Amino acid sequence: MSDDNQITLTINDQKVVVDKGTSIIEAAKQSGIEVPHFCYHKRLSTPANCRMCLVEIKGAPKAMPSCYTMVGQDMEVYTNSELAQNSQKGVMELMLINHPLDCPICDQAGECDLQDMAVSYGSDRTHFKEEKRAVPDKNLGPLIRTVMTRCIHCTRCIRFATEVAGVPEMCATGRGENMQVGTYVEKALESELSGNMIDLCPVGALCSKPYAFTARPWELEHTDSVDVMDGIGSNIRIFHRGGKVMRIDPVECEDINEEWISDTARFSYDGLNRSRLTTPLRRKGKSLEACGWPQAFDAIKKAAGKASKPDAIAGLAGDMFSAEDLYSFNAFMKTTLKTDNVDARTDGSTMTGKHRCKYVFNSGIKGIDKADFILIVGANPRLEAPVLNARIRKNVLSKRLQVAVVGAPCDLTYPTMHSENTAIILDQIASGEHPFAKQLEDAKNPMIIVGAAATLARKDAPQIMYRLYTIADQYRVVNKDWHGFNVLQQKPGRIAALDLAVYPEEKGKDTAGILKALADKKIELLVLYGESDIPPESLKGAKTTIFIGSHLSPYAEVADIILPAAAYTEKTALWMNTEGRAQESKKAVAPPMQAKEDWKIFRALSAEIADPLPFDTQSQLRALIVKRAPVFENLNTFVPPKWESFGLAGHILDNAFEQPVRSFYKTNEIMRASQVMTECQDLADARADVNAKQRKVG
Amino acid sequence: MTAQENTLLKQSDENLALRGARVQIVDDEKTYTWPKKLDKDIKGIIAKYPSGRQASAVISLLKLAQKTFDGWLPVGAMNLVADTLDMPPVRVYEVASFYDMFFTQPVGKHVVRVCTNVSCMVRGCYKVLSEIEDELGVKAGETTSDGMVTVQEFECLGSCCEAPMMMIDDHYHGNLTPDKARDIVKRVKEGDVPTEASK
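Residues numbered from 1 in each chain as written. Chains lettered and ligands numbered in written order. Predicted model: local features only at pLDDT ≥ 70, side-chain atom pairs only at ≥ 80, totals over all residues. Heavy atoms only, no water.

## Focus on the overall build of chain A
Phase 1: Summing up its helical and strand segments, chain A has 20 helices and 26 strands in all.
Phase 2: For chain A, the C-alpha radius of gyration of 28 Å lies close to 26 Å, the compact-globule estimate for 698 residues.
Phase 3: Expressed along its principal axes, the backbone C-alpha trace of chain A runs to roughly 90 × 60 × 60 Å.
Phase 4: Residues classed as buried in chain A amount to 60% of the 698 residues present.
Phase 5: Here the analysis covers contacts within chain A between residues at least 6 apart in sequence; of these, 69% occur between residues at least 24 apart. (Helix = DSSP H or I, 4+ residues; strand = E, 2+ residues; numbered from the N terminus. Rg over C-alpha atoms; globule rule 2.2 N^0.38 Å. Buried < 20%, exposed > 50% of the residue type's maximum accessible area, 1.4 Å probe, protein only. Contact = heavy atoms within 4.5 Å.)

Take a look at the structure:
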């Protein structure tokens, strides 16, 4: 090979060409040769402490760990020679000295690395007659169940906590036979990514607490889908059995979530089976009673018929909806009910779908790997998108990426520079007075991350956006090869709502207008589609209120008719993540009992009231969506939008940015229904109380 | 089940419990601060390492902390070291629990470490050890009820030339016989710790 950066070697007499600096284990993997291993993980540092990946290298006096040994020119590696096989067999025997034989009651059984390796590379007998040791279990909080006797000390969890999650709370205390993995001082892990340790654990030492003893891996069916607990659209695999979601694991996706997912994505699934709406409901006096779909439709038809004028009808949509849901809702409101009083921006934002570059993550999440300075404006990525924050952290640690924050105080698990928390700082940066301006100027690939939740709902959002546009323009945040202006959307449905114009397009009322009209008793028919940020008290006042959603929510108390819809695991649908990348979720289980997929509800309802909406199948609906917003055509591809000017010139208010996320484990109706998330939130609240008290004392 | 089997079973239970729970956590819930007079020492220790690598001083500071706070390291003291060196507390716990000479639970005022490694073993260290245990009325690994003396079996202390030997606090005592050891430990019990070098 003439290329200087390429190295040729042979593995098991097979010629392999890889990049310089590749480890032997990776080179073997690339050429389809499996080397057994426990401690090695490509996204973590390499301690080479399990010794399972020993291979023979011709010329080396003894077997070498292939995870830590880099390839060399003309190296001859054997992974299956006698020496290598004996080494692996010997190490396997050592691994099993203390590992209990409790596979029949272990949750990991069936998908356990140790089991697989023991069968493939181990021996059927052992030299050791000593009794096995027992290790006390640790309490790591409501998400992770520990059976520490099973631990083989690979230290993956310790490295994950220290390197990726940024909460160095796991440690290995003691030495030799007395070594124990745990937190030493007992406490629940303070991480939004802790669930990933369960995947990393090669044995059954760290298991999922909610999943404990509920199913066996070989009984489960799985469906690959997209997570909607935050805006980045992590790729997930939904495991289900008998129409019930049993657990959720990440799927590797280099562009979005690497192979991590947040705890909310992983553990909120029990909310899918709790307080669900399973049948249409109708108000009878003070209580709601179950009725059939025809009766519910009939009542809605009557209410719509009674409405004096289209302006007396209004609709509000929440943030947990896919493109199909939002398009059909929008069409139902605007075509069937003929009103323009529709809004999906219930946080009070007035942003429209014009200029796509002002509301998506333009660089792509992978762009973070290229940035060398990030200015975060009014965002808390640790809580708004924990997986994205882990990617920033990775770059901060490895490449000396610098991060500056203008916004509410937050601990992002890596060193940051904080300015005073007021929007006026942006003026100072634009004029070059603030020290951040110098850093933006010096950076080669500067990046701005704007938190949609804390910034775009402000009254002066257009002015702030204008200032940010000026800053981006001035400091080459956007240039020929680099697009570093990013908006971080926490809500999974918001970008689709803007792309599909689920807001008043002509002279209709927006959220504020609808709420005012409600207070003035000018709304006769109100359609509430899903839960949103608006408290239910403010939604009283319409003659008839219809609530369509998946969960029984506080909105039920103001609703007269309730229609049960599907949750994200129950529909095949298009979702737009914060990058503006369209991804498809797949239907894993059926909606419970009488609940229906959302677009079918709107389609059927439209036929009841007036002319049916122009789609009978999902593919027809998809065609309409693509016609309205062509970005939905390219599934799973990231298309950076054109850079255009946006915002309004004017003064920025001297207001602080608010905390974008108040209750991390309770951000949507699925999490609110989940018992596991409730436990996590209680723990987080208690911790915040203790911290606040300590701060007072300090 | 015979009486013998019963005893064996009981022993193995105790053994199991011990092996599993060796790492003891003792949090006396006190907050520790360095005495003012140590400021210079601490700065001196940290200055030995390149800036940004101050965590390398962890062993030195743990030694200092153990000496300062009653001869052992409660969680609070380890947290103090972590704070001083700006490193995560768990990294300090790992180091402290790794080394046998750091105590993570209370110990007696004086520590008698009897070497039981190969050289000392062939020269009769177990006779020395049992003599000491007999004199103090405790087993290796335990502390006398008055909190004066802790006895430990220890790995090689690096003084094989004068085996069998033991180490009391910071001093070596070599060429021991059971009688000699008993005499020395008697003095330790009364607080008169011999500091003369071994002959």
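Next comes the rest of the account.
## Concerning the overall build of chain B
Phase 1: When helices and strands are counted, chain B shows eight helices and four strands.
Phase 2: Listed N to C, the secondary structure of chain B is α-α-α-α-α-β-α-α-β-β-β-α in terms of helices and strands.
Phase 3: Buried positions account for 43% of the 199 residues belonging to chain B.
Phase 4: Relative to all contacts within chain B whose residues are 6 or more apart in sequence, the contacts with residues 24 or more apart total 61%.
Phase 5: When the accessible surface of chain B is summed, it comes to about 11300 Å², and 51% of that surface belongs to carbon and sulfur atoms. (Areas by Shrake-Rupley, 256 points an atom, 1.4 Å probe, with all protein chains shown as cover.)

## Focus on the sheet that holds strand E22 (residues 525–529) of chain A
All names here are of chain A.
Phase 1: Taking strand neighbours across the sheet as the criterion, the seven strands line up as E14-E13-E24-E23-E22-E15-E16 in an open arrangement whose pairing is mixed. Here the strands that pair on one side only, and so sit at the sheet edges, are strand E14 (287–290) and strand E16 (342–343).
Phase 2: Against the sheet, helix H8 (residues 323–336) contacts strand E15 (313–317), E16 and E22, and its axis sits at roughly 170° relative to E15.
Phase 3: The strands that helix H17 (residues 598–609) touches are E22, strand E23 (544–549) and strand E24 (561–564); relative to E24, the one it contacts most, it runs at about 130°. (Pairing = 2+ DSSP bridges. Axes fitted to C-alpha atoms, helices over the stretch in contact; angles between N-to-C directions.)

## Describing the pairing of strand E1 (residues 6–11) of chain A
Residues and elements named next belong to chain A.
Phase 1: Both E1 and strand E2 (residues 14–19) contribute to a ladder of six bridges, which runs antiparallel. Across the sheet, residue Thr 10 finds its bridge partner in E2, namely Lys 15.
Phase 2: Where E1 meets strand E5 (residues 76–78), two bridges bridge the pair, whose relative direction is parallel. Bridge pairing in E5 links Thr 10 to Glu 76.

## Observations regarding the sheet that holds strand E2 (residues 149–154) of chain B
All names here are of chain B.
Phase 1: Read from one edge of the open sheet, four strands run E2-E1-E3-E4, paired in mixed fashion. One side of each edge strand has no neighbouring strand; the edge strands of this open sheet are E2 and strand E4 (171–173). Going across the sheet, the axis of each strand differs from the next one's by a mean of 25°, ignoring polarity.
Phase 2: Each of strand E1 (110–115), E2 and strand E3 (166–168) is contacted by helix H7 (residues 125–136), which is oriented at about 160° to E2, the strand it contacts most.
Phase 3: Running over the sheet, helix H8 (residues 178–189) touches E1, E2, E3 and E4 and is turned about 15° from E3.

## Let's talk about a negative patch on the surface
Phase 1: A contiguous patch of negative charge, built from Glu 679, Asp 682, Asp 685 and Asp 689 of chain A, is present on the exposed surface.
Phase 2: Along the polypeptide, Glu 679 of chain A turns up in helix H20 (residues 675–697). (Patch = residues over 30% accessible without salt bridge, like charges linked within 9 Å, V, L, I, M, F, W, Y side chains within 5 Å. Salt bridge = Lys/Arg side-chain N within 4 Å of Asp/Glu carboxyl O. Lys, Arg positive; Asp, Glu negative; His and termini not counted. Charge placed at Lys NZ, Arg CZ, Asp CG, Glu CD.)

## Side note on the packing of helix H4 (residues 75–85) of chain B against helix H5 (residues 89–98) of chain B
Residue and element names in this part refer to chain B.
Phase 1: Relative to each other, H4 and H5 sit at 120°, their axes nearing to 8 Å. Relative to H5, H4 is oriented oblique. As for the relative orientation of H4 and H5, their crossing is right-handed in sense. Where H4 approaches H5, its residues Val 75, Met 78, Asn 79, Val 81 and Ala 82 are matched on the opposing element by Pro 89, Val 92, Tyr 93 and Ala 96.
Phase 2: Classifying every residue of the contact of H4 with H5 gives eight nonpolar, one polar and no charged. (Parallel < 35°, antiparallel > 145°, perpendicular 65-115°, else oblique. Left-handed = near helix turned anticlockwise from the far one by under 90°. Nonpolar A, V, L, I, M, F, W, Y, C, P; charged D, E, K, R; others polar.)

## Side note on unusual backbone geometry
Phase 1: In this structure, Pro 164 of chain B follows Ala 163 of chain B across a cis peptide bond, with omega equal to -10°.
Phase 2: The residue Pro 164 of chain B is located in the loop between E2 and E3 in this model.
Phase 3: Its identity is not glycine, yet Asn 12 of chain A carries a phi of approximately 50°, on the positive side.
Phase 4: Non-glycine residue Asp 13 of chain A carries a positive phi angle of around 65°.
Phase 5: For Asp 13 of chain A, the location among the structural elements is in the loop between E1 and E2.

## Quick word on the nonpolar core
All names here are of chain A.
Phase 1: Formed by 101 residues in total, the largest nonpolar core has its most connected members in Phe 38, Ile 374 and Ile 392.
Phase 2: Counting residues per element, this core draws most heavily on helix H4 (residues 156–165), at six residues.
Phase 3: Dropping the residues within four chain positions of it, Ile 392 is found in contact with Ile 368, Ile 374, Pro 381, Leu 401, Val 403, Tyr 414 and Ile 449.
Phase 4: Grouped together as the second largest cluster of nonpolar side chains are 87 residues, Ala 344, Ala 452, Val 502 and Ile 548 included. (Core = buried A, V, L, I, M, F, W, Y, C linked by side-chain atoms within 4.5 Å.)

## Structural notes on the pairing of strand E12 (residues 244–250) of chain A
Looking along a regular strand, one sees the side chains alternate between the two faces of the sheet.
Residue and element names in this part refer to chain A.
Phase 1: Judged by how many residues are buried, E12 sits mostly within the fold: six of seven residues are covered.
Phase 2: Summarising the sheet, strand E11 (residues 235–241) and E12 pair through six bridges and their orientation is antiparallel. Bridging from a neighbouring strand, His 240 pairs with Val 245 of E12.
Phase 3: Counting the residues that bridge the hairpin from E11 to E12 gives two residues, and of these Gly 242 lies at a positive phi of roughly 55°.

## Remarks on the pattern of salt bridges
Think of it this way: side chains of opposite charge can pair up when their charged atoms draw near.
All names here are of chain A.
Phase 1: Within this structure, the stated rule accounts for 59 salt bridges over all chains.
Phase 2: When the shortest N-O distance is used, the salt bridge between Asp 249 and Arg 266 registers 3.4 Å. One end of the pair, Asp 249, is in strand E12; the other, Arg 266, is in helix H6 (residues 263–267), and 17 residues separate them in sequence. Here Asp 249 matches Arg 266 in class, with each residue buried.
Phase 3: When the shortest N-O distance is used, the salt bridge between Arg 622 and Glu 584 registers 2.9 Å. Of the two residues, Arg 622 sits in helix H18 (residues 618–628) while Glu 584 sits in strand E26 (residues 582–585), which places them 38 residues apart along the sequence.

## Comments concerning the packing of aromatic side chains
Phase 1: Tallying each qualifying case throughout the model produces 20 aromatic pairs over all chains.
Phase 2: Summarising the aromatic geometry, the rings of Tyr 469 of chain A and Trp 643 of chain A are spaced 5.4 Å apart at their centres and angled 25° between planes, so their arrangement reads as stacked. With a gap of 174 residues between them, Tyr 469 of chain A in helix H14 (residues 461–474) and Trp 643 of chain A in the loop between H18 and helix H19 (669–673) connect regions that are remote in the sequence.
Phase 3: Tyr 469 of chain A gets classed as buried once you look at its relative accessible area, which sits at 16%.
Phase 4: On the accessibility criterion, Trp 643 of chain A (21% relative accessible area) is partly exposed.
Phase 5: Cluster of aromatic residues (ring-pair linked, three or more members): Phe 321, Phe 329, Phe 332, Tyr 529 and Phe 602 of chain A.
Phase 6: The ring of Phe 98 of chain B carries the charged tip of Arg 175 of chain A above its face, separated from the ring centre by 5.2 Å.
Phase 7: Against the face of Tyr 211 of chain A rests Arg 247 of chain A, its NZ or CZ located 4.9 Å from the ring centre. (Phe/Tyr/Trp six-rings, centres within 6.5 Å; stacked < 30°, edge-to-face > 60°. Lys NZ or Arg CZ within 6 Å of the ring centre and 35° of its normal.)

## Side note on H7 of chain B
Residue and element names in this part refer to chain B.
Phase 1: Over its 12 residues, H7 runs 16 Å from end to end, which matches the ideal 16 Å to within 8%, given 1.5 Å per residue.
Phase 2: For H7, every residue scored as buried is listed here: Cys 125, Val 128, Leu 129, Glu 131, Ile 132, Glu 133, Glu 135 and Leu 136.
Phase 3: As for H7, its buried residues are in contact with E1, helix H6 (118–122), E2, E3 and H8.
Phase 4: Positive phi shows up at Gly 137, right after H7, with a value of about 75°. (Expected span 1.5 Å × (residues − 1).)

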